[in-house]
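Examination of the molecular architecture
Residues per chain, in single letters:
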Amino acid sequence: MSARDEIFGAIRRSLGVAGDEAPRRATVEARLAHAPAGIVPRRGQGEPAERVATFKAEAALAQASVAEVAEAADVPAEIARFLGENHLPATLRFGEDARLAAMPWEATGLELSRGPSDGDDANAASVAFASVAESGTLALVSGADNPTTLSFLPNTHFVVVFAVDVVGDYESVFTKLRAAHGVGAAPRTVNFITGPSRSADIEETLLLGAHGPRRLHIVVVGAP
Amino acid sequence: MTVPSTSSRFKANVSQALADERLQGALPHARNFAGARAAAVARLPEFEALRDSARAIKDHTLAHLDLYLEAFERKATEAGGQVHYARDAAEATATIVDLCKARGARTVVKGKSMISEEIGLNAALERAGIAAVETDLGEYAIQLRDERPSHIIAPAIHLTRKDFEAEFRRAHRDLPADRDLSRPEQLLGEARAVLRDKFLSAEVGVTGANFLVAETGASIIVTNEGNGDLAQVLPKVHVVVASIEKLVPTLNDAAQILRVLARSATGQDMAVYTTIAVGPRRPGDPDGPEEWHVVLVDNGRSAMLGSPFKDMLRCIRCGACMNHCPVYLAVGGHAYGWIYPGPMGAVLTPALLGVAEGGQLPNASTLCGRCEAVCPTRIPLPRMMRQWREREFARRLTPAPARFALGLWAFFAKRPALYRLSSDLATRLLHLVGRARGRFSWLPFARGWTRSRDLAAPQGATFQSRWRAKSGRVK
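Predicted model only: the values in this text are computed from it and were never measured. (Residues numbered from 1 in each chain as written. Chains lettered and ligands numbered in written order. Predicted model: local features only at pLDDT ≥ 70, side-chain atom pairs only at ≥ 80, totals over all residues.)

1. A word on unusual backbone geometry
The bulk of non-glycine residues show a negative phi, and the bulk of peptide bonds are trans. Residues and elements named next belong to chain B. Note the following rule: Comment: elements are numbered from the N terminus, with helices defined as DSSP H or I runs of at least four residues and strands as E runs of at least two. Exposure is read from a count of other C-beta atoms within 10 Å of each residue's own; the residue is exposed at 12 or fewer, buried at 20 or more and partly exposed in between. C-beta atoms are placed from the backbone.
A positive phi is found at Arg-317, a non-glycine position, where the angle reads about 60°. Summarising the element assignment, Arg-317 is placed in the loop between α14 (301-304) and α15 (320-323). By C-beta crowding, Arg-317 is classed as partly exposed, having 17 other C-beta atoms within 10 Å.

In structure tokens, the structure reads:
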């Protein structure tokens, strides 16, 4: 008997089931189709302005820095300001996201490059698919628009958050994903990111910049 | 095969741990977790309701585990992944070693994974001539020391900064000998640079999974460092190794448990990186693995599902039980002798290795109940430790002195009048003698007990006599 058959057999013996009971199958199919939401904390809920305020406060608690600009055209100047003030290299890499490509970068004098990271990039920018007020968490999805490696290899990661994409909770991100990709389908990777990379493995001392970015700078666009 | 254990030598391990000054100097750091958890819990009014929700989700999933596994397998396969099944540790390591060999892999980078420790994956890879590199900072340090994790989320909690420095100086010989490593930041920076090269050159990345999601076929890993993400996005092949109880039905179910996981573990609302991944890179994807495998490991879980210890399968490996355990905090994790320490280890080890090997661990508890009080899925750990003790006793595995003491206690317990009289006398005597200091640091016949802790002096009469005096009224 194959390992698979034997494991399924052992599980069913332990549960005292045959595996073909219609009510059990119906229960499982219903749960997978409807994905009940459970307990959703009040913290992230509220009007859009309240959600954005909660998101910013929670992201800051998680050691991210947060700035706010009025419109997308203001993002390059904010990123250039952050790099300058922190004495970081005047370079930036990002993917094929049309919203980033459309921004006015010329005036900043930043040296731009495009595509995934091979580990040699000091700074990168991504656009969040959604952001979660409840815990100041960013949700990024893989693909050519915002390659996953940009979230992990560079020392400094900028994430552009359009205020309309700030939701209250993780469940709302999943609802948005199901709407974009279909129920039960999913992008290859969804990265929930809450603050910069950290480790406390040495004597429980909190250190930022373990393997991922040392700095996470969030730029919120068009807050209500 | 499942890695060997020294759990049956638990008493000797404990004596060694209590006498180890270096360990006793490092262990106090583990006490930070409890306060961090309490602060995170106080900030979330829905926390207790979320614990109930997490427990219900795990119970529901376990009761339908065969069907959720089928659904997971279907979705993971549809996304281009390959699902493998392993009955035991040998089958699991053979599957992964074969995958690596077939692709000519020389280096495997690893995210932190307790199941990979349980099945002895690193040793199996080394035997096949493949270098396995742990990339979590703590795991990396203990791999250099050829040790096992002493905590399930803080694997190097038994080490001090100086230990890290000594290991790094020994291992990184190509770096200048006079470099400054006196600050933790410098140690982290050095590990980051050394491991970055490994990430970029490894052919295979192996991670565990905090959850497997039946709805989409995805694995979810939760980390703070980002090492698990580099291990799964950079190499050409990503292998997820997970035990079968990691299943949850939907992403929403995972979200419920995520809300209690990091809070219970480190006191964070969310860990830095929660990564939901399914399948290899898709057409147009500029990065990500070209192959994605999931190795589902049983290694004793399907049998536990039909046993009185099935509640243990709700465990989400947060470490809260050990962070709040007076025994764990006194002896550390290595004394438990196998992979899983603390209260969850005391229940899981005899379930997976048998009562003859792991049966002593459930005795390492005062049954104070803090573990159950903080467990995010409300696992009745003290009850299960009592059940293991009964089994150990019934199988006559309990050592003779302990059986003698229990027999003596039973003699008095079966004679209530004699019990009351003798416990009354003993309590009064201890109260009189210990009144001044309030505790005993030495007692006749109990030096083994008092050597590493004090016994509190009784505050007066016994509970029974006070209960009688109040005629059974609470106030």
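There's more to say after this.
2. Here we look at the pairing of strand β4 (residues 123-127) of chain A
All names here are of chain A. Here is the rule we go by: Strands are labelled as partners when DSSP assigns at least two bridges between them.
Burial runs high along β4: five of the five residues are buried. Because side chains alternate across β4, one face comprises the buried residues Asn-123, Ala-125 and Val-127, and the other comprises Ala-124 and Ser-126, equally buried. Note: β4 against strand β7 (residues 156-162), five bridges, orientation parallel. Opposite Ala-125, over in β7, you have Phe-158 as the bridge partner.

3. Thoughts on the domain arrangement of chain B
Cut-off, in case you're wondering: Domain limits in this description derive from either an automatic procedure or a database domain assignment.
Here chain B is partitioned into domain 1 (7-302) and domain 2 (416-469). Centre-to-centre, using C-alpha coordinates, domain 1 of chain B lies 46 Å away from domain 2 of chain B.

4. So, the interface of chain B and chain A
Put simply, the rule reads: Here, residue contact means that the backbone-derived C-beta atoms of the two residues sit within 7 Å. Just so you know the grouping, Ala, Val, Leu, Ile, Met, Phe, Trp, Tyr, Cys and Pro go in nonpolar, Asp, Glu, Lys and Arg go in charged, and all remaining residues, Gly too, go in polar.
Every contact between the two is made by 75 residues of chain B and, on the other side, 61 residues of chain A. Among the elements that make up the side of chain B that touches chain A, the one with the highest residue count is helix α11 (residues 184-201) of chain B (eight residues). Considering only residue class, the side of chain B that touches chain A consists of 36 nonpolar, 21 polar and 18 charged. Relative to strand β9 (residues 273-277) of chain B, strand β9 (residues 189-193) of chain A runs antiparallel, the two sharing five bridges. If you follow Ile193(A) over to β9(B), its bridge partner there is Tyr273(B).

5. Quick notes on the pairing of strand β6 (residues 137-141) of chain A
Residues and elements named next belong to chain A. A large share of β6 lies buried, amounting to five of its five residues. Residues Thr-137, Ala-139 and Val-141 of β6 are buried on one face, and the alternating residues Leu-138 and Leu-140, pointing to the opposite face, are buried as well. Bridge count between strand β5 (residues 130-132) and β6: three bridges; the pairing is antiparallel. Bridge pairing in β6 places Val-132 opposite Thr-137.

6. A closer look at the environment of Ala17(B)
All names here are of chain B. Position of Ala-17 relative to the elements: it lies in helix α1 (residues 10-19). Taking the number of C-beta atoms within 10 Å as the measure of exposure, Ala-17 has 21 and is therefore buried. Separated by 318 residues in sequence, Ala-17 and Ala-335 have C-alpha atoms that sit 6.5 Å apart. Those residues in contact with Ala-17 that sit more than four places away from it in its chain are Leu-23, Val-331, Gly-332, His-334 and Ala-335.

7. A short note on the sheet that holds strand β8 (residues 247-248) of chain B
Judged by pairing direction, the sheet is mixed, and its eight strands sit side by side in the order β8(A)-β5(A)-β6(A)-β9(A)-β9(B)-β6(B)-β5(B)-β8(B) without closing on themselves. Across the chains shown, the open sheet's two edge strands, defined by having one partner strand only, are β8 (166-167) of chain A together with β8 of chain B.

8. Some thoughts on α1(B)
Residues and elements named next belong to chain B. For clarity, the cut-off: The directions considered for the arc run from the helix axis to the C-beta atoms.
Turning to α1, its buried residues are Phe-10, Asn-13, Val-14 and Ala-17. End-on, the buried residues of α1 take up no more than an arc of 100°, which puts them together on one face. Those residues of α1 that are exposed and angled more than 90 degrees off the buried face are Ala-12 and Ala-19. Buried positions along α1 lie against α2 (21-26) and α16 (326-331).

9. Considerations on the packing of helix α6 (residues 170-181) of chain A against helix α13 (residues 251-265) of chain B
Spelled out, the test is: Only the stretch in contact is used when a helix axis is fitted, and all axes are lines through C-alpha atoms; the angle between N-to-C directions ranges over 0 to 180 degrees. Between 65 and 115 degrees an angle is taken as roughly perpendicular, under 35 as roughly parallel, over 145 as roughly antiparallel, and anywhere else as oblique. Crossings are sorted by hand: turned counterclockwise from the far helix by less than a right angle, the near helix makes the crossing left-handed, and turned clockwise it makes it right-handed.
Relative orientation of the contacting elements α6(A) and α13(B) amounts to 160°, with a least axis distance of 9 Å. Regarding the angle of α6(A) to α13(B), the classification is roughly antiparallel. Every pair of crossing elements has a handedness; the one defined by α6(A) and α13(B) is right-handed. Residue-level inspection shows Tyr170(A), Glu171(A) and Phe174(A) of α6(A) in contact with α13(B), the latter providing Leu251(B), Asn252(B) and Ala255(B). The class makeup of the residues in the contact of α6(A) with α13(B) is four nonpolar, one polar and one charged.

10. Quick notes on the packing of helix α17 (residues 342-353) of chain B against helix α20 (residues 381-394) of chain B
In a pair of packed helices, the angle between the axes and the distance between the axes together describe the arrangement. All names here are of chain B. Two numbers describe how α17 lies on α20: the axes approach to 10 Å, and their chain directions differ by 40°. Taken together, α17 and α20 sit at an angle that is classed as oblique. Crossing angle aside, the handedness with which α17 passes α20 is left-handed. Of the residues in α20, those touching α17 at Pro-343, Met-344, Ala-346, Val-347 and Pro-350 are Leu-381, Met-384, Met-385 and Trp-388. Considering only residue class, the contact of α17 with α20 consists of nine nonpolar, no polar and no charged.

11. Examining helix α4 (residues 75-85) of chain A
Residue and element names in this part refer to chain A. Those residues of α4 not exposed but buried are Val-75, Pro-76, Ile-79 and Leu-83. Looking down the long axis of α4, one finds its buried residues gathered within 100° of arc, a one-sided arrangement. Those residues of α4 that are exposed and angled more than 90 degrees off the buried face are Arg-81 and Glu-85. Summarising the contacts, the buried residues of α4 are in contact with β1 (65-69), β2 (91-94), β4, β7 and β12 (215-221). Directly after α4, the chain includes His-87, whose backbone phi takes a positive value near 55°.

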